[in-house]
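# Reading the structure
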Amino acid sequence: MNSTIEWQQRTELLLGSSKMERLRQAHVLVVGLGGVGAYAAEMLCRAGVGKMTIVDADTVQPSNINRQLPAVHSTIGKPKAEVLAARFRDINPQLELEVLPVYLKDEAIPELLDSSHFDFVVDAIDTVAPKCYLIYHALQRKLNIVSSMGAGAKRDITQIRFADLWDTYHCGLSKAVRKRLQKMGMKRKLPVVFSTEQADPDAVVLVDNEQNKKSTAGTVSYMPAVFGCYLAEYVIRKL
């Protein structure tokens with residue numbers, strides 16, 4: 001372990017030097033840096049993934065503070081992608097990081113996926129249309145992808161699971177994604193993280209002031225974070 005970067009010693013002790021080197025050589029694309037995606041990206045960064053591309057157009061809002069990694073009072077109004085970029089470079093100064101603080105329109109997704117060789121794609125988008133476009137084009141290209149389903153209006157951490165999208169239940173986002181992918185003619189296997197818990201109907205309210213959202217769900221600090229950890233564990237295990 002004498003050649004190990006000091007801060008990675010504990011990870012190398014667990015995984016071994018050849019697997020650590022595989023992580024250092026890997027390039028992971030993380031799309032969506034909200035409650036789920038930011039934690040997924042940070043866990044990948046701390047595990048030693050050597051190259052990442054992170055994508056999110058949003059800025060930090062006060063309502064993010066209860067659950068989102070980049071959200072503290074001093075970062076309100078700042079782009080999430082840029083807040084996290086500074087944090088990740090502080091964790092791993094050797095990290096090769098591409099930061100895209102953009103909202104991914106449908107036509108930009110194929111261009112993004114073709115812009116580099118990605119060893120893995122992490123989908124943590126919470127809006128159905130761009131989420132499905134990313135999944136569709138990643139599966140078409142036979143890219144490794146793992147996707148997060150809905151963590152909102154749920155609170156039981158013990159009901160979080162890995163599954164194929166087509167086997168999920170009690171998840172409104174899964175249902176919407178399945179429906180749209182079927183319309184697009186795509187019914188390939190898709191590994192996802194979801195919760196078997198029934199969503200609390202009293203924790204969902206309709207909104208008219210948020211971009212691309214018809215409703216918003218109540219959330220608690222730990223649920224999106226654990227979804228993000230599940231995504232990161234899946235990527236690390238598969239890499």
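Refer to the structure presented above.
Residues numbered from 1 in each chain as written. Predicted model: local features only at pLDDT ≥ 70, side-chain atom pairs only at ≥ 80, totals over all residues. Heavy atoms only, no water.

### Considering the overall build of the protein chain
Along its length, the protein chain carries eight helices and nine strands. For 239 residues, the compact-globule formula gives about 18 Å, and the C-alpha radius of gyration of the protein chain, at 17 Å, lands near that figure. For the protein chain, the spread of C-alpha atoms along the principal axes amounts to about 55 × 45 × 35 Å. Sequence-distant contacts in the protein chain: of pairs separated by 6 or more residues, those separated by 24 or more amount to 71%. For the protein chain, the exposed surface amounts to about 12000 Å²; the carbon and sulfur share of it is 50%. Treating the 30 positive side-chain charges of the protein chain as one cloud and the 26 negative ones as another, the clouds have centres 5 Å apart. (Helix = DSSP H or I, 4+ residues; strand = E, 2+ residues; numbered from the N terminus. Rg over C-alpha atoms; globule rule 2.2 N^0.38 Å. Contact = heavy atoms within 4.5 Å. Areas by Shrake-Rupley, 256 points an atom, 1.4 Å probe, with all protein chains shown as cover. Lys, Arg positive; Asp, Glu negative; His and termini not counted. Charge placed at Lys NZ, Arg CZ, Asp CG, Glu CD.)

### Re the nonpolar core
Val28, Val30, Leu44, Met52, Ile54, Phe88 and Val122 are the most contacted members of the largest nonpolar core, which totals 41 residues. When residues of this core are traced back to their parent elements, those giving at least two are α2 (17-25), β1 (27-31), α3 (37-47), β2 (51-55), α4 (80-91), β4 (120-123) and α8 (222-238). Sort the elements by how many residues they give to this core and α8 lands first, with eight residues. Once residues lying within four places of it in the same chain are set aside, the contact partners of Leu44 are Val28, Val30, Val49, Met52, Val122, Ala232, Val235 and Ile236. (Core = buried A, V, L, I, M, F, W, Y, C linked by side-chain atoms within 4.5 Å. Buried < 20%, exposed > 50% of the residue type's maximum accessible area, 1.4 Å probe, protein only.)

### Notes on a positive patch on the surface
A contiguous patch of positive charge on the surface is contributed by Lys175, Lys179, Arg180 and Lys183. With respect to the helices, strands and loops of the structure, Arg180 is situated in helix α7 (residues 172-183). With relative accessibility at 35%, the residue Arg180 sits in the partly exposed group. (Patch = residues over 30% accessible without salt bridge, like charges linked within 9 Å, V, L, I, M, F, W, Y side chains within 5 Å. Salt bridge = Lys/Arg side-chain N within 4 Å of Asp/Glu carboxyl O.)

### Here we look at the pairing of β1
In regular strands, side chains alternate between the two faces of the sheet. The element β1 is largely enclosed, with a buried count of five among its five residues. Here β1 shows a buried face lined by His27, Leu29 and Val31 and a second buried face lined by Val28 and Val30. For β1 and β2, the ladder comprises five bridges, and the chain directions are parallel. Note that in β2 the partner of Leu29 across the bridge is Thr53. For the crossover that starts at β1, traverses α3 and ends in the parallel β2, the hand is right-handed. Where β1 lies against β4, four bridges are found, and the strand directions are parallel. Opposite Val30, over in β4, you have Val122 as the bridge partner. (Pairing = 2+ DSSP bridges. Right-handed = clockwise from strand over helix to strand, strands pointing away.)

### A look at α7
Relative to the 16 Å expected for 12 residues at 1.5 Å per residue, α7 spans 17 Å between its end C-alpha atoms, a close match to the ideal helical length. Within α7, the full set of buried residues consists of Leu173, Ser174, Val177, Arg178 and Leu181. Angular distribution of buried residues about the axis of α7 spans 130°; they occupy a single face of the element. Along α7, exposed side chains directed more than 90 degrees from the buried face belong to Gly172, Lys175, Lys179 and Lys183. On its buried side, α7 packs onto α6 (128-140) and β5 (145-148). Trailing α7 by a residue or two, Gly185 shows a phi angle of about 80°, which is positive. (Expected span 1.5 Å × (residues − 1). Arc of directions from axis to C-beta.)

### With respect to the sheet that holds β4
The seven strands are arranged β3-β2-β1-β4-β5-β7-β6 in an open sheet whose pairing can be described as mixed. The sheet terminates laterally at β3 (96-100) and β6 (160-164), the two strands that pair on one side only. Geometrically, the sheet is characterised by an average inter-axis angle of 15° between neighbouring strands, direction not taken into account. Strand contacts of α4: β2 and β3, with the helix running at about 170° to β3, the strand carrying the most contacts. Where α6 meets the sheet, its contacts fall on β1, β4 and β5, and the angle it forms with β5 comes to roughly 160°. (Axes fitted to C-alpha atoms, helices over the stretch in contact; angles between N-to-C directions.)

### Concerning the state of the cysteines
Counted according to the given criterion, the structure contains zero disulfides. Considering cysteine sulfurs only, Cys229 is the nearest to Cys45, which forms no disulfide, with 14 Å between them. The partly exposed category is assigned to Cys229, whose relative accessible area is 33%. (Disulfide = S-S within 2.5 Å.)

### Looking at the packing of α3 against α8
Put simply, α3 and α8 touch, their axes get as near as 7 Å, and they point 45° apart. Considering the angle they form, α3 stands oblique to α8. In terms of crossing hand, the pair formed by α3 and α8 is right-handed. On α8, the residues that touch Tyr39, Ala40, Met43, Leu44 and Ala47 of α3 are Ala225, Gly228, Cys229, Leu231, Ala232, Val235 and Ile236. When the residues that make up the contact of α3 with α8 are grouped by side-chain class, the tally is 11 nonpolar, one polar and no charged. (Parallel < 35°, antiparallel > 145°, perpendicular 65-115°, else oblique. Left-handed = near helix turned anticlockwise from the far one by under 90°. Nonpolar A, V, L, I, M, F, W, Y, C, P; charged D, E, K, R; others polar.)

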